[in-house]
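Next come the chains, spelled out residue by residue.
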Amino acid sequence: MVRILLITYEYDAFTFSGNGTYAQGLVRGLRQQPGVVVEVACGSPFHDRSACVGCEGCVGGQRPPDGEFAHECERRPSSADVLVQLPRWCNLDGASAYRRFNELVIKALDERYKKKEQPDLVCCVDWHGLPACLHLQRSFPVAIVYPRPGRKSKRAAAATAAAAAATWIFRADG
């Protein structure tokens, strides 16, 4: 049995870019493999009902009657194993909440792996989760898979999709 942890800023219910779509496809493909268990740690949009001034179904911070949903997040629950709420969403640049994402994911995963079997492999979808991956590698022996950054050149443009998906692997033993 191989245990894989996927760390991704966005996943299933909260996608806003290709990274979320990529993460979903990767998890779906890995889960189809025999002897592979995949866990997902991801972010989610933060919603403060008390500050809400117009979300669909959210009235002045009051929870709607039973059976109704206050916010889109409640209508589309995530299947992620670890879900952290972030104050900023729909950004993948330096203005994103990636620092907060890593703080919360590290805290949640440290707590989780005190009680549960640790993964054999940690896969980081992009740079947003790399600090969390490296933290885990310092905490226990684990291999890390991280996407290789692309190059903008004629050669890179001619590369196949399979070559573009090549990865760097950071070994647990250095």
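Within each chain, residue numbers correspond to sequence positions counted from 1 in written order. The predicted nature of this model means local features are confined to residues of pLDDT at least 70 and side-chain atom pairs, given and counted, to a pLDDT of 80 or more, with totals for whole chains, interfaces and linings taken over all residues. Hydrogens and water molecules were not included; the side-chain quantities draw on all heavy atoms of the structure.

K.L.:
Which residues make up the packing of aromatic side chains, and what values go with them?
P.N.:
In this scheme Phe, Tyr and Trp rings, the latter by its six-membered ring, pair at centre separations within 6.5 Å, and the angle between planes marks the pair as stacked below 30 degrees, edge-to-face above 60, and tilted otherwise. Overall, the coordinates contain three aromatic pairs when judged by the stated rule. Each ring, one from Tyr98 and one from Trp127, has its centre 4.7 Å from the other, and the planes form 70°; the classification is edge-to-face. Taken as a pair, Tyr98 in helix α3 (residues 98-115) and Trp127 in the loop between β4 (121-124) and α4 (130-139) lie far apart in primary sequence, 29 residues in all. For every residue, the accessible area obtained with a 1.4 Å probe (protein chains only) is divided by the maximum for its type, and the residue is called buried under 20%, exposed over 50%, and partly exposed between those limits. For Tyr98, a relative accessible area of 16% gives the class buried. For Trp127, a relative accessible area of 35% gives the class partly exposed. Their ring planes at 70° and their centres at 6.1 Å tell us that Tyr113 and Phe140 sit as a pair that is edge-to-face. With a gap of 27 residues between them, Tyr113 in helix α3 and Phe140 in the loop between α4 and β5 (143-147) connect regions that are remote in the sequence. Put simply, DSSP marks the helices as runs of H or I at least four residues long and the strands as runs of E at least two long, and each gets a number from the N terminus on.

K.L.:
Tell me what's going on with the side chain of Arg3, and back it up with residues and numbers.
P.N.:
Position of Arg3 relative to the elements: it lies in strand β1 (residues 2-8). Under the relative-accessibility criterion, Arg3 is labelled buried at 13%. In protein, a polar contact means a hydrogen-donor-capable atom and an acceptor-capable atom, both N or O and within 3.5 Å, with residues adjacent in sequence counting only if both atoms are side-chain atoms; elsewhere, any N or O pair within 3.5 Å suffices. A polar side-chain atom of Arg3 sits 3.2 Å from a polar atom in the side chain of Glu39. Any two residues having at least one pair of non-hydrogen atoms within 4.5 Å are treated as being in contact. Setting aside chain neighbours within four positions, we find Arg3 in contact with Val37, Glu39, Lys116, Glu117, Gln118, Pro119, Asp120 and Leu121.

K.L.:
Requested: an account of α3, with residues and values cited.
P.N.:
Here, expected helix span is obtained from the residue count minus one, scaled by 1.5 Å. For α3, which comprises 18 residues, the first-to-last C-alpha distance of 26 Å matches the rise-based estimate of 26 Å (1.5 Å per residue) to within 8%. Three or more residues of α3 are buried, namely Tyr98, Phe101, Asn102, Leu104, Val105, Ile106, Leu109, Arg112 and Tyr113.

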